Amino acid sequence: MNRGGSSPSAAANYLLCTNCRKVLRKDKRIRVSQPLTRGPSAFIPEKEVVQANTVVERTNFLVEEYSTSGRLDNITQVMSLHTQYLESFLRSQFYMLRMDGPLPLPYRHYIAIMAAARHQCSYLINMHVDEFLKTGGIAEWLNGLEYVPQRLKNLNEINKLLAHRPWLITKEHIQKLVKTGENNWSLPELVHAVVLLAHYHALASFVFGSGINPERDPEISNGFRLISVNNFCVCDLANDNNIENASLSGSNFGIVDSLSELEALMERMKRLQEEREDEEATQEEMSTRFEKEKKESLFVVSGDTFHSFPHSEFEDDMIITSDVSRYIEDPGFGYEDFARRGEEHLPTFRAQDYTWENHGFSLVNRLYSDIGHLLDEKFRMVYNLTYNTMATHEDVDTTMLRRALFNYVHCMFGIRYDDYDYGEVNQLLERSLKVYIKTVTCYPERTTKRMYDSYWRQFKHSEKVHVNLLLMEARMQAELLYALRAITRHLT
Amino acid sequence: MEKMSRVTTALGGSVLTGRTMHCHLDAPANAISVCRDAAQVVVAGRSIFKIYAIEEEQFVEKLNLRVGRKPSLNLSCADVVWHQMDENLLATAATNGVVVTWNLGRPSRNKQDQLFTEHKRTVNKVCFHPTEAHVLLSGSQDGFMKCFDLRRKDSVSTFSGQSESVRDVQFSIRDYFTFASTFENGNVQLWDIRRPDRCERMFTAHNGPVFCCDWHPEDRGWLATGGRDKMVKVWDMTTHRAKEMHCVQTIASVARVKWRPECRHHLATCSMMVDHNIYVWDVRRPFVPAAMFEEHRDVTTGIAWRHPHDPSFLLSGSKDSSLCQHLFRDASQPVERANPEGLCYGLFGDLAFAAKESLVAAESGRKPYTGDRRHPIFFKRKLDPAEPFAGLASSALSVFETEPGGSAMRWFVDTAERYALAGRPLAELCDHNAKVARELGRNQVAQTWTMLRTIYCSPGLLPTANLSHSVGKGGSCGLQLMNSFNLKDMAPGLGSETRLDRSKGDARSDTVLLDSSATLITNEDNEETEGSDVPADYLLGDVEGEDDELYLLDPEHTHPEEPECVLPQEAFPLRHEIVDTPPGPEHLQDKADSPHVSGSEADVASLAPMDSSFSLLSVSHALYDSRLPPDFFSVLVRDMLHFYAEQGDVQMAVSVLIVLGERVRKDIDEQTQVCGGRGRLPLKRFALHPDSDRQALLSQEHWYTSYIDLLQRFRLWNVSNEVVKLSTSRAVSCLNQASTTLHVNCSHCKRPMSSRGWVCDRCHRCASMCAVCHHVVKGLFVWCQGCSHGGHLQHIMKWLEGSSHCPAGCGHLCEYS
C-alpha cells in the first residue's frame, strides 16, 4: 500500500491504451490513496500495518494470485503482518470460492453471505454481495432468504447451529439435507457448503476481532450493499471510546504494571515448563480443571459485560437491522455456554476420538478433493507460526501459549483434549484476554476496541493479530469437527 | 531369536479351531492384542479394557481390568499390546500421555503395575521388544519415542524424531536393535536402540501422516507402511536407500496394517474412516483384495492375527463395539466377483479384448468374428507358480480390426455436424434432422424424426395437453416413488412389480378419463390402441423373416431394456401372456387393476421404433386423427430413446432429448433422478452392486456422457460443447463448469498473468494489442501464425476483407484458417 511513491515513475513505463490507463489509474487510486480515516483496521494504528517493501511485494503477489476481487482488501492488509500464514489462508479461500468444487460460484458467495450474516458482519456481506453479482448471481436473492431456492434455504438450520452451538449438530440434520428429494444436497455439495460456512463464521471473528474497517469503495452501485449502521458497525463500536484509548495507546509502554504483567506471564510460562516433570495432577483433578475452565468461561463475559458494555443494545435482544437479518432466520439464536446446559448434559467432545488429522481430513478430502490439504496446511501453519518473540523479549518458546489459546477456544465449544492440563489456561491467559477470546469467538459482533486494548498491553499489534488468527482457525476447526463428525455418523 | 522360534514351534503343534463369530462389547474398541497362547485377546478403548478368552464357539469375558470407582484417564487407552514372551505382561498407551504396564500375575483386583508419565501428549503406540522381556517402546504425539526398562522407574532413553507426532513404533522382528517409527508428516525413521542421538535412516514414505507400519515376520528387511494418503507401501530396507517394493491403493486412509503369517505376500489392512471392512491384500496384486471381511458396522480400529503361524484366524475390534473372529475361509473374495474380461471399442470400430489366457486359447478357433484379425498381443505377468491365483493373473489381449476401408463412422461425424438441435421451432428442427438423416441414407432415423414431428407438432391439442400434463406428472411421481422403493431394496418381489404396474395403469386411466373432454370417447380410442397392437405384433413376425439381421437382436435388446427401468425378472412372462390373451372389451373395464395393460403398452413401445417404415406410421396416424395428446406418446417415445441408446446410437437418443426438451424430459427423468440424485460417494473399485450399476447405466446422464465422449474422441469440440450447453441434466451441464480457467503467460516476460488476462503486472505491458485498432484485446484474440500479429477477431476479419497483408504493416501475407 505504500506503492504510491514509486507509481508515477512506474506509470511512465506503461504501454497502455488510454482506456486501460483509466481503469488502472482507478484501481491504483483505490489501492494507493492514503485514507482519510484510520487505515485497514480501527484497532491498529495505520503505521503498524505498513510493512517493509519486500513484504508488500509478496503480499501483492499473493493478492494477484489468489484474491477473487483482485484488490488488496483490508483483511489481507492486516493479515499481511503474517505473510506465511496469509498465503495458506488466501490459497484455501481462493480454492473454495473459485476452483473446482461441487457448488456453482454464486451459491458459494451466497453461502458466505449467509454465514457472515449470522454475526451481522456487514463487511463480509458487502464484499460477497459484490462478488455474488459479479459471478452471475440472481440479484433477487439478495432481497432475503424468502427469495432464494428452497435448497439454499434448507441450509439455514445448519448455518445457525454451526455459527453458535455447533455441538447440537446431529446426523439427523445431515440426513434431512441429503435425503433424496426435490431439494436435496449431495454430500460433496454439503461438505463444500459446510467448509464455506465454517470459514466465514471464523473470518467474521477475525474481522471483528481485528476491527477491520469497511472498504472505501466508491461504487455503491447496487442497492444491496449495507450501509453500516451504528448498531454494529465496527468503526462505531471502536469509536465509542476512541479518545480515551488514543491516550492509552500513546502511553502504553510507560505503564509499569503492564510491563510487570508481561514479566509475570513469562515467569509463569517458565515455571510451568519446569514444573511439568515433578508436579503431576491426578486424573480427577485434570478433569475437574477442564470442567472448571468450561464453567469459568461461562462467567467470563457475563461478568464483564457489566463493566465493558454499559449500553443496553449489547444484550441478547440486540436490535438487528433488517438489512442483515434478511439473510438469516431466527436472529435471536446465539451462543449459549456449553457448560450451562446442566439438565440435558451433552457429552464432551473427546478430541482424541475425532481428530482433524485422522478423521476430519480424510472425510473432507474424500468428498471435496484437495480442500483437506489446504485446510490441513492452514491449521498446521497457524498452530506452528512463531517468531519466538513476546513483546520486547526475544527467543521465547511460545508453544505453550499458542496451545493454551487454541485449546481454550475448543474448550468453549466443549472439545476436550485428554492430554492437556487445563490448569495451564488459567495460569497463562489473564482475565481480560479470556474476555476478549470469548467475545471474539462466540459473539464477535460485540468486540470493542477497549477489549482489544485491555489485554497484553505491551504486546505488539502484530502479535495480537496472531492471536486473532489462532482464535479464528481454532474456531473453524471446532465447527468443522462437529459438522464432519455428524456427517461421519450419517455415513455409518 | 532362537528362543522365540522354539516357543512358537512348540505352540505350532497345537491346532487352532474356531469359527467366524463376534461378541458385543460395552464400548467402542481402540485396539486389540492377542496373547501368545492364541487363546486370549485383550480389548482396549476409551471406556473399555477387558480380556476375553477365545473359545471354540464364542468369546468369554475373562477379566475386566478397568477397576476402581472413578475410572481415571489413565485407563482411556489409545493402544494396547500383549507381551509375546510373557503371558502376564501387558502395556497400554493412554490418551493423556501415560504409559501403563499391567501384570496379570498380581493377586489383587487391580493389576496395574507401573505408570510412566513422561510423555506430554497422547501416546499413540506402545510396543514390546519381541525377545527381551523388559523392554518397552512408546511413541507419542509430542514427537518423542521413549524406551523403558520395566525394571526401572523411568525411561532408559528418549528418541526425538525432530518432527511432528509419532504415529507408530515397531521393533524389528529380526534385527535385535532396530525399530521403525512413523510420523505425522509422512516420514519413516529407522533407529538403533543403542543410539538415541540420531536416527539411522529417514525417508518420506507417504504424503500426509503415516498411521501404521509392520515388519515382515520372515523377510528381514520388509516394512509395510500405511498412510492417510490411502496407500499401503512395502519397503525393502536392506538396500542402501529404502526401496518401494509394492504399493497397494486402498479406498480410505489406512489405520492398521498387519502381515499375514505364513503367507509371504499377504497383509491385512483396515481403515481409519468411512470404510468398515478389513481387507487382505496380496501385495503383488494391488488392485483387488484377496479377501474381505465385512462383519463390522463401523470402522475397524484394531486387527490381529490370532496366532503367529496360523494364517486363517483374524481377530478384529471395532468402533461399533464388537469383537470379531474372522475365518479366512469365510471371507468374501472380490476376485471371484470381478469380471476378468475386458472389452473396448476403438474409435473406428476396432475391438480390443482382454481375457484369461486359457479362455482365449481354448475358444479362439471358434470365434465368430468376421473382421480381419490382427496378431493378438499377449501380456504376460511374471508368475510365481506357488501362488494359487497364478493362473488367474495372466491374461491375453487381442485386438480385432474392422474391415479395411470401412468409413463406418463417417455418418456419425456428418450427422453430428449437420444436425440442428436448437434455435428453431420444433417442426423445423425435426424436418431438418430428418433431411440430414435421409441424405446420409439412414432412413429409419429419418422416419423417426418425421414421426416425432407428427406427434409433437400437431395443431389443436393444447387444451387437452394441458390437462393431461398435470395428470401425467402425478403419475410420474408415483412411478418415481416406486422406483426409489425398488432401488432401496432390490428384492425381486413380485409385489412391488404388480404395484408398479398398477400405478402405471392408474396414471393412464386417469389420463383417459380427463381426455373425455376431448371430442372422442375414451373407450373408443383405447380400443384403437389395443386393436392396433395385434397387427403390429403380427407384422413383427412378418418382418423377422425378411430381415433377421436387425430383428434377431430385438428380443435380446429391447426386452431386457424395458424391464431394466422397472424390474428385470418379469418381462417375458408378461409378454407371453399377452400373446395368449386376446384383447377384449372386458379387459378395458378393469384395466386399472390388470397388469396386462401395462404389458401391452410396453409391447407397443418396444415394437414401435422397429417397424418404423409402415406399420407404426399408420398407427400413429390413426392415433393422431383421434386427437390424442402428445403425452400419450411419451411412454412410446421414451422407449424409442431407450431402443436407440441400447443399439449404441446415443447420438439419436441425445439429439431427440435435446430437440424435444421439456416435452419428454420428465418421463426420462424418472430414472435419472433416482440414480443421479443420491449423494454419491466415490464408488468402490470393487464390489459394485450389479443392480445399482445397471440402474446408473440407464440414466439419461449416461447417454449424454457417452455421446459427449464420442464427440470429443472425434474432436468435434464445438458440437460436444453445444450438447453440454443444451443438456437439461445438471450433472452434464456441470461439465462445462469445471476447469474453466485459462492460464495466460505474458508475451514479454513469459510469466503467468494472474489478475487480468491482458496486462502483465510485472513488466507493466499489455500482452495483446490489436494491430487494427491499437487497443488492448480483452476477449478473443486471433493472430497469424506467420508473423504473430493479430487482434480483435472482428477487426481482423474486417481487415482481411480489404487486404491480405498484415494490418501491423510488417508486410507479411497473413493466413488464417
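Here is what the cut-offs are and how they apply
Each chain has its residues counted from 1, following the order in which its sequence is written. Numbering of ligands from 1 and lettering of chains from A proceed in the order in which they are written. Note on the predicted model: pLDDT of at least 70 is required for a residue's local features to be given, and 80 or more for side-chain atom pairs to be given and counted; whole-chain, interface and lining totals, by contrast, use all residues. Here the side-chain values reflect all heavy atoms present in the structure, with hydrogen atoms and water set aside. Put simply, DSSP marks the helices as runs of H or I at least four residues long and the strands as runs of E at least two long, and each gets a number from the N terminus on. Relative accessibility under 20% of the residue-type maximum defines a buried residue, over 50% an exposed one, and the middle range a partly exposed one, all with a 1.4 Å probe and only protein chains included. By definition, residues are in contact when any of their heavy atoms lie within 4.5 Å. In predicted models, pLDDT denotes the confidence assigned by the predictor to each residue on a 0 to 100 scale. At least two DSSP bridges between two strands are needed for those strands to be called paired. The criterion is simple. A nonpolar core is a set of buried Ala, Val, Leu, Ile, Met, Phe, Trp, Tyr and Cys residues joined through side-chain atoms within 4.5 Å. Geometry is summarised by axes, namely lines fitted to C-alpha atoms with helices restricted to the contacting stretch, and by angles between N-to-C directions that run from 0 to 180 degrees. When the centres of two rings from Phe, Tyr and Trp lie within 6.5 Å, Trp using its six-membered ring, the rings pair. Their planes under 30 degrees apart give stacked, over 60 give edge-to-face, and anything left gives tilted. Note on criteria: charge over ring means Lys NZ or Arg CZ within 6 Å of the ring centre, with the direction from the centre no more than 35 degrees off the ring normal. For salt bridges, the criterion is a side-chain nitrogen of Lys or Arg within 4 Å of an Asp or Glu carboxyl oxygen. An angle below 35 degrees is read as roughly parallel, one above 145 as roughly antiparallel, one from 65 to 115 as roughly perpendicular, and any other as oblique. In this scheme the crossing of two helices becomes right-handed for a clockwise turn of the near helix relative to the far one and left-handed for an anticlockwise turn of less than a right angle. Under the scheme applied here, ten amino acids are nonpolar (Ala, Val, Leu, Ile, Met, Phe, Trp, Tyr, Cys and Pro), four are charged (Asp, Glu, Lys and Arg), and all others, including Gly, are polar.

**Some details on the overall build of chain B**
(1) Moving on: Scanning chain B for helices and strands turns up 24 helices and 36 strands.
(2) Moving on: Out of the 817 residues in chain B, the part that is buried amounts to 51%.
(3) Moving on: At a minimum sequence separation of 6, the contacts of chain B that also span at least 24 residues come to 52%.

**Some thoughts on the confidence of the model for chain B**
Residue and element names in this part refer to chain B.
(1) Moving on: This prediction gives chain B a mean pLDDT of 71; 63% of its residues lie at or above 70.
(2) Moving on: Of the regions scoring below 50 in pLDDT, residues 366-392 engages in 35 contacts with residues more than four places distant in sequence or in other chains.
(3) Moving on: Note on residues 669-697: pLDDT is under 50 here. Beyond four places in sequence and across chains, it has 59 contacts.
(4) Moving on: Both scores are given for the predicted complex: the pTM is 0.64, the ipTM 0.73.

**Details of the pairing of strand S1 (residues 21-24) of chain B**
All names here are of chain B.
(1) Moving on: Only one face of S1 is covered, namely the face carrying Met21 and Cys23; the face carrying His22 and His24 is uncovered.
(2) Moving on: Sheet topology note: the S1/strand S28 (residues 322-327) ladder contains four bridges and is antiparallel. Within S28, the residue paired with His24 across the bridge is Ser322.

**Observations concerning the side chain of Ser321(B)**
All names here are of chain B.
(1) Moving on: As for its position among the elements, Ser321 is in the loop between strand S27 (310-318) and S28.
(2) Moving on: Taking relative accessible area as the criterion, Ser321 reaches 11% and is therefore assigned buried.
(3) Moving on: Apart from residues no more than four positions distant in its own chain, Ser321 is found in contact with Cys23, His24, Leu25, Ala27 and Pro28.

**Overview of the nonpolar core**
(1) Moving on: Membership of the largest hydrophobic core comes to 154 residues, with the highest contact counts inside it found for Met79(A), Tyr110(A), Leu124(A), Leu155(A), Leu190(A), Phe206(A) and Leu480(A).
(2) Moving on: When residues no more than four places from it in sequence are discounted, the contact partners of Leu190(A) are Leu155(A), Ile174(A), Leu177(A), Val178(A), Trp185(A) and Ile487(A).
(3) Moving on: Ranked by size, the runner-up nonpolar core spans 47 residues in total, among them Leu636(B), Leu641(B), Val650(B) and Ile658(B).

**Regarding the sheet that holds strand S5 (residues 59-64) of chain B**
Residue and element names in this part refer to chain B.
(1) Moving on: Spatial strand order, S2-S3-S4-S5: four strands in an open sheet with antiparallel pairing. The open sheet has two free edges, formed respectively by strand S2 (31-34) and S5, since each of these has just one partner strand. The sheet shows a mean angle of 25° between the axes of neighbouring strands, direction not considered.

**A short note on the packing of aromatic side chains**
(1) Moving on: This structure, assessed with the given rule, holds 34 aromatic pairs over all chains.
(2) Moving on: Look at Tyr110(A) and Trp141(A): their rings are 5.8 Å apart centre to centre, the planes differ by 85°, and that puts the pair in the edge-to-face class. Taken as a pair, Tyr110(A) in helix H7 (residues 105-118) and Trp141(A) in the loop between helix H8 (122-134) and helix H9 (150-153) lie far apart in primary sequence, 31 residues in all.
(3) Moving on: Taking the relative accessible area as the measure of exposure, Trp141(A) reaches 9% and is therefore buried.
(4) Moving on: An angle of 80° between the planes, with centres 4.9 Å apart, marks the rings of Tyr176(B) and Phe177(B) as edge-to-face.
(5) Moving on: In textbook terms, an aromatic cluster arises when at least three aromatic residues are bridged by ring pairs, as seen for Phe43(A), Tyr436(A), Tyr452(A), Tyr455(A), Trp456(A) and Phe459(A).
(6) Moving on: Positioned above the aromatic ring of Tyr452(A) is the side chain of Lys464(A), whose terminal nitrogen or guanidinium carbon lies 4.9 Å from the ring centre.
(7) Moving on: It is Arg306(B) that lies over the ring of Phe313(B); its NZ or CZ is 5.2 Å from the centre.

**Some points on the confidence of the model for chain A**
(1) Moving on: Averaged over all residues, the pLDDT of chain A equals 75, while 72% of them reach at least 70.
(2) Moving on: This model gives residues 228-255 of chain A a pLDDT under 50, and the stretch forms 43 contacts once residues within four places in sequence are excluded.

**With respect to the pairing of strand S8 (residues 99-103) of chain B**
All names here are of chain B.
(1) Moving on: Within S8, four of the five residues are buried, leaving the element largely enclosed by the surrounding structure.
(2) Moving on: As paired strands, strand S7 (residues 89-94) and S8 are joined by five bridges and run antiparallel to one another. When the sheet's bridge partners are listed, Thr92 is paired in S8 with Val100.
(3) Moving on: The antiparallel pairing of S7 with S8 creates a hairpin that spans four residues between the two strands, and Gly97 there sits at a positive phi of about 100°.
(4) Moving on: Across four bridges, S8 lies against strand S9 (residues 112-116) in antiparallel orientation. The residue bridging Val99 from the neighbouring strand is Phe116, located in S9.

**Let's talk about the environment of Gln352(A)**
(1) Moving on: Within the element layout of this structure, Gln352(A) appears in the loop between strand S1 (349-350) and helix H18 (356-367).
(2) Moving on: Overall, the relative accessible area of 18% leaves Gln352(A) in the buried class.
(3) Moving on: Distance in space between the C-alpha atoms of Gln352(A) and Asp419(A) is 9.0 Å, their sequence separation being 67 residues.
(4) Moving on: Among all residues touching Gln352(A), those that are not within four sequence positions of it are Arg416(A), Tyr417(A), Asp418(A), Asp419(A), Arg46(B), Thr95(B) and Thr122(B).

**A look at H18(A)**
(1) Moving on: Counting buried positions over the twelve residues of H18(A) gives eleven, a clear majority of the element.
(2) Moving on: Along its buried surface, H18(A) packs onto helix H12 (187-209), helix H19 (371-384) and helix H24 (461-491) of chain A together with strand S14 (166-171) and strand S18 (210-215) of chain B.

**Some remarks on the pattern of salt bridges**
(1) Moving on: Here the structure, examined in full by the defined rule, presents 33 salt bridges over all chains.
(2) Moving on: Of the charged contacts in the structure, one is a salt bridge between Arg91(A) and Glu377(A), with a shortest N-O distance of 3.8 Å. Remark: Glu377(A) occurs in helix H19 and Arg91(A) occurs in helix H6 (residues 83-98); sequence separation between them is 286 residues.
(3) Moving on: Of the residues examined, Arg91(A) reaches a relative accessible area of 29% and is grouped as partly exposed.
(4) Moving on: Owing to a relative accessible area of 30%, Glu377(A) belongs among the partly exposed residues under this scheme.
(5) Moving on: The partner of Glu131(A) in a salt bridge is Arg98(A), with the nearest N and O atoms 2.8 Å apart. A residue pair is termed long-range when its members are at least 10 positions apart, and Glu131(A) in helix H8 and Arg98(A) in helix H6 qualify at 33 residues.
(6) Moving on: Note on Glu131(A): relative accessible area 4%, which makes it buried.
(7) Moving on: The network of salt bridges with shared partners includes Arg350(A), Asp353(A), Asp418(A) and Arg46(B).

**As for the packing of H19(A) against H24(A)**
All names here are of chain A.
(1) Moving on: Closest axis-to-axis distance for the H19/H24 pair is 10 Å, and the angle between their directions is 140°. Relative to H24, the element H19 lies oblique. Handedness of the H19/H24 crossing: left-handed. On the side of H19, the interface is formed by Leu375, Lys378, Phe379 and Val382, while H24 contributes His466, Leu469, Leu470, Glu473, Met476, Gln477 and Leu480.
(2) Moving on: Among the residues making up the contact of H19 with H24, the classes are represented as seven nonpolar, two polar and two charged.

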